[in-house]
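# Observations on the model geometry
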Amino acid sequence: MTDPFQNILQSGNLPVNNLPVSSRYYAVGTTTIELADKRKVVYIKRRFIPPAEKLELITEHIVKKGDRLDNIAASYIGDPEQFWQVADANNAMKPSDLTEEPGEKIRITQPLGARIV
C-alpha cells in the first residue's frame, strides 16, 4: 500500500523521504551516485550537527550515577529514541560521554526550528 502523503509529495515533484519525521536524518535529503557498472545508488547525504549555541535552552539536567541518555531523552522530550537531540544540544560526537561523570550538566534544548507555544 502506498502512503497518500508520499503520493502528494511526488505529484508536486517535491523530494520524498521515507524516514520518519522524528529521524535525525529526515531533513538531510538524499543524492545519487553512479557506480562503475552504471547502477545508480541513492544514499542519505552527510548530516552536520547544528551548533549547540544556536539551539534554545529549555533546561539543564544534572547527571546522576546510572543515568542513560535514552532515559534522559524520554524524561525531557518524551521519546527515548530522541537521545540524539540531547547529544546535538551538547556537541557530543560520542553520546555516551555525556553520562559518564555524575554532577556534569547536560543541556536540554528545543530541536532546531521548533517553537514551543
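Each remark here, short or long, concerns the structure printed above.
Residues numbered from 1 in each chain as written. Predicted model: local features only at pLDDT ≥ 70, side-chain atom pairs only at ≥ 80, totals over all residues. Heavy atoms only, no water.

## Some remarks on the environment of Leu57
Mapping Leu57 onto the fold places it in strand E3 (residues 57-62). With a relative accessible area of 40%, Leu57 lands in the partly exposed category. Distance in space between the C-alpha atoms of Leu57 and Thr109 is 4.3 Å, their sequence separation being 52 residues. Those residues in contact with Leu57 that sit more than four places away from it in its chain are Arg107, Ile108 and Thr109. (Helix = DSSP H or I, 4+ residues; strand = E, 2+ residues; numbered from the N terminus. Buried < 20%, exposed > 50% of the residue type's maximum accessible area, 1.4 Å probe, protein only. Contact = heavy atoms within 4.5 Å.)

## Some points on a nonpolar patch on the surface
Residues Ile33, Leu35, Val41 and Tyr43 make up a contiguous nonpolar surface patch of about 300 Å² in total accessible area. With respect to the secondary-structure elements, Tyr43 resides in strand E2 (residues 40-44). (Patch = residues over 30% accessible without salt bridge, like charges linked within 9 Å, V, L, I, M, F, W, Y side chains within 5 Å. Areas by Shrake-Rupley, 256 points an atom, 1.4 Å probe, with all protein chains shown as cover. Salt bridge = Lys/Arg side-chain N within 4 Å of Asp/Glu carboxyl O.)

## Section: the environment of Gly29
Tracing the backbone through its elements, the reader meets Gly29 in the loop between helix H1 (4-11) and strand E1 (30-34). Between the C-alpha atoms of Gly29 and Arg47, which are 18 residues apart in sequence, the distance is 9.1 Å. Among all residues touching Gly29, those that are not within four sequence positions of it are Tyr43, Ile44 and Lys45.

## Let's talk about helix H2 (residues 69-76)
All buried positions along H2 are accounted for by Leu69, Ile72 and Ala73. Along H2, the residues classed as buried sweep out an arc of 100 degrees about the axis, all on the same side. Where the residues of H2 are buried, they touch E3, helix H3 (83-89) and strand E4 (105-109). Positive backbone phi, at 95 degrees, marks Gly78, one or two positions downstream of H2. (Arc of directions from axis to C-beta.)

## Side note on the pattern of salt bridges
In this structure the tally under the stated criterion is 6 salt bridges. A salt bridge links Asp88 to Arg47; its shortest N-O distance comes to 2.2 Å. Here the residue Asp88 occupies a position in helix H3, and Arg47 occupies one in the loop between E2 and E3, the gap between them amounting to 41 residues. Neither residue differs from the other here; Asp88 and Arg47 are each classed as buried. With a closest N to O distance of 3.8 Å, Lys105 and Glu60 form a salt bridge. With a gap of 45 residues between them, Lys105 in strand E4 and Glu60 in strand E3 connect regions that are remote in the sequence. Classification of Lys105 as exposed rests on a relative accessible area of 54%.

Read these as spatial facts, not as claims about activity.
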